[in-house]
Amino acid sequence: MATRIFIFNAVRTVTGPARLGELAAAWVMPALVLAILLAAPLVLSDFRVALLGKFLTFAILAMSLNLIWGYAGMLSLGHGVFFGLGGYAMAMFLKLESAQGKLTDFMFWSGLTELPIFWAPFQYAWFAIPMTFIVPAALAGGLGYLVFRSRITGVYFALITQALALIVSILFIGQQPYTGGTNGITNYTTIFGFPINSPSTQVFLYYATLAVLALTYLLCAWLIASRFGRLLVAMRDDENRVRFSGYNPAILKTIVFALSGGIAGIAGALFTPQVGIISPTMMGIVPSIEIAIWVAVGGRGVLLGAIVGAILVNGAKSGLSESFPAVWQYFLGLLFIGAVLVFPAGIMGLLRGEGWRRPEWLAVEQLRALATRFIPGVSR
């Protein structure tokens, strides 16, 4: 009985009371966001559509991290690796399609005389596209099992994933003949026979990304509402309690971590043809930290928060870099700091009525004391 009460309380932290208004809010807001994104290509320029399409791939990536961090309590600082692996799998297909299955340009410049054996299957879409999910999911699952069976959690898990990002990015940089090195893989001309830089192709890729984003949202929503999702939240709140209830947290964590890695890989596969490049810089530590910032700003533990955070933060990043090219990083840093200090529950937490946290220096008493010290004539 105690175990059932514990799991019931855990699921309430995800869904809340089943009142009609809350259920409507849970679906009306995502539907509104979807409607706006569907209509966006009708009013935006080709450049802005391509830019928004890139942001949607980041939204899928942020949702994959939110699944394990917001609901299972596992902060990964290496999710850029899974994103990059999916991107590389798609890039290999695009590059071989452009080269008609022959030796690619960077391989020729590196001294190779024939196509590497592990590259050959990627000339087929039926192999390459599933690999965008399978390869990152397999790496996440293998690493996760080794880590979780040793009961490594918290900051130590975050550090291990950060080390993974460092190791993989250095490995890909060093394998110039096979990965393109620092420059990565670029210069694609077609995708499934269509010109990749054509505006119509980019619009198609935008809507394909939006469709994957919607399906990913529905999948995550179904998973969180299921018994498995309830166990994830219970495990986040008290892992030992879940273990003593007869479940194996290592298996549960491995499954959700592998799924999260696979979703991140799909996001990378959609990113590559829209941006036209994938390189080891996308797999490094800094991009992985940025993913966590998107989730934190949007609202950890809220599916829509990951989408909103990824789009708004990257939109602000793009807009500020255009308007203030010399100092835009400072504005972006202030945005992150303000979101963490003033809105700890993120944007979605604020919209859901969780309020904001007033820092000590904003207290009336503190402001009055500062005014008394520095402004003559002001009394306490």
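Residues numbered from 1 in each chain as written. Predicted model: local features only at pLDDT ≥ 70, side-chain atom pairs only at ≥ 80, totals over all residues. Heavy atoms only, no water.

Quick look at the overall build of the protein chain now. Of the regular secondary structure elements, the protein chain holds 17 helices and four strands. Relative to its full complement of 380 residues, the protein chain shows a buried share of 46%. (Helix = DSSP H or I, 4+ residues; strand = E, 2+ residues; numbered from the N terminus. Buried < 20%, exposed > 50% of the residue type's maximum accessible area, 1.4 Å probe, protein only.)

This part covers the nonpolar core. Among the nonpolar cores identified, the biggest contains 101 residues, and Ile185 and Leu213 are the most heavily contacted of them. If one sorts the elements of this core by residue count, helix α3 (residues 46-69) sits on top with 15 residues. Leave out the neighbours within four places in its chain, and Leu213 touches Leu37, Leu56, Ala59, Ile60, Met63 and Ile307. (Core = buried A, V, L, I, M, F, W, Y, C linked by side-chain atoms within 4.5 Å. Contact = heavy atoms within 4.5 Å.)

In this structure, Tyr178 sits in helix α8 (residues 176-179). Relative accessible area serves as the criterion here: at 31%, Tyr178 is assigned to the partly exposed category. Placed 59 residues apart in sequence, Tyr178 and Trp119 show a C-alpha to C-alpha distance of 8.5 Å.

Take the environment of Gln329 next. Inspection of the secondary structure puts Gln329 in helix α15 (residues 328-342). For the pair Gln329 and Lys317, spaced twelve residues apart in sequence, the C-alpha to C-alpha distance is 8.0 Å.

Here we take up the pattern of salt bridges. Summed over all chains, the structure comprises five salt bridges. Linking Lys95 and Asp105 is a salt bridge whose minimum nitrogen-to-oxygen distance equals 3.2 Å. With a gap of ten residues between them, Lys95 in helix α4 (residues 79-98) and Asp105 in helix α5 (residues 105-109) connect regions that are remote in the sequence. With a relative accessible area of 6%, Lys95 lands in the buried category. Overall, the relative accessible area of 27% leaves Asp105 in the partly exposed class. For Lys317, the salt bridge identified is with Glu290, shortest N-O distance 3.6 Å. With Lys317 in helix α14 (residues 303-323) and Glu290 in helix α13 (residues 285-298), the pair connects residues that are 27 residues apart, well separated along the chain. Each of Glu239, Arg243 and Lys253 takes part in one network of salt bridges that share partners. (Salt bridge = Lys/Arg side-chain N within 4 Å of Asp/Glu carboxyl O.)

A separate point is the side chain of Ser318. Mapped onto the secondary structure, Ser318 falls in helix α14. Assessed through its relative accessible area of 14%, Ser318 is described here as buried. For Ser318, the residues in contact, after removing those within four places along its chain, are Arg48, Leu51 and Phe55.

Here Asn66 shows up in helix α3. Taking the C-alpha atoms as reference, Asn66 lies 7.7 Å from Val302; in sequence the two are 236 residues apart. Excluding its chain neighbours within four sequence positions, the residues that come into contact with Asn66 are Tyr71, Val295, Gly299, Arg300, Gly301, Val302, Leu303 and Ala306.

Moving on: unusual backbone geometry. A positive phi angle is found at Gln100, which is not glycine, with a value near 60 degrees. By secondary structure assignment, the location of Gln100 is in the loop between α4 and α5. Unusually for a residue other than glycine, Asn187 sits at a positive phi of about 60 degrees. By secondary structure assignment, the location of Asn187 is in the loop between β1 (185-186) and β2 (190-191).

Here helix α6 (residues 125-148) crosses helix α12 (residues 249-275) at 150 degrees, and the two axes come no closer than 7 Å. Relative to α12, α6 is oriented roughly antiparallel. Handedness of the α6/α12 crossing: right-handed. Its residues placed into classes, the contact of α6 with α12 shows 14 nonpolar, seven polar and one charged. (Axes fitted to C-alpha atoms, helices over the stretch in contact; angles between N-to-C directions. Parallel < 35°, antiparallel > 145°, perpendicular 65-115°, else oblique. Left-handed = near helix turned anticlockwise from the far one by under 90°. Nonpolar A, V, L, I, M, F, W, Y, C, P; charged D, E, K, R; others polar.)

With that settled, consider the side chain of Thr57. Mapped onto the elements, Thr57 comes out in helix α3. For Thr57, a relative accessible area of 0% puts it in the buried group. In this structure the side chain of Thr57 is engaged in a polar contact, spanning 2.5 Å, whose partner is the backbone oxygen of Lys54. Setting aside residues up to four positions removed in sequence, Thr57 forms contacts with Thr209, Ala267, Leu270, Phe271 and Gln274. (Polar contact = N/O pair within 3.5 Å; in protein donor to acceptor, adjacent residues only side chain to side chain.)

Taken as a whole and assessed by the stated rule, the structure comprises 16 aromatic pairs. An angle of 85 degrees between the planes, with centres 5.2 Å apart, marks the rings of Phe122 and Phe127 as edge-to-face. Look at Phe122 and you get buried, because its relative accessible area is 9%. Exposure remark for Phe127: the relative accessible area of 23% places this residue in the partly exposed category. With a centroid separation of 6.2 Å and an interplanar angle of 85 degrees, the aromatic rings of Trp126 and Phe127 are classed as edge-to-face. (Phe/Tyr/Trp six-rings, centres within 6.5 Å; stacked < 30°, edge-to-face > 60°.)

Helix length check: α12 (27 residues) gives 38 Å between terminal C-alpha atoms against 39 Å at 1.5 Å per residue, within 8%. In terms of burial, α12 is a largely internal element, 22 of the 27 residues being buried. For α12, the N-terminal capping position is held by Asn248, with its side-chain oxygen 3.1 Å away from the main-chain nitrogen of Ala250. Phi turns positive, to about 90 degrees, at Gly276, one or two residues after α12. (Expected span 1.5 Å × (residues − 1).)

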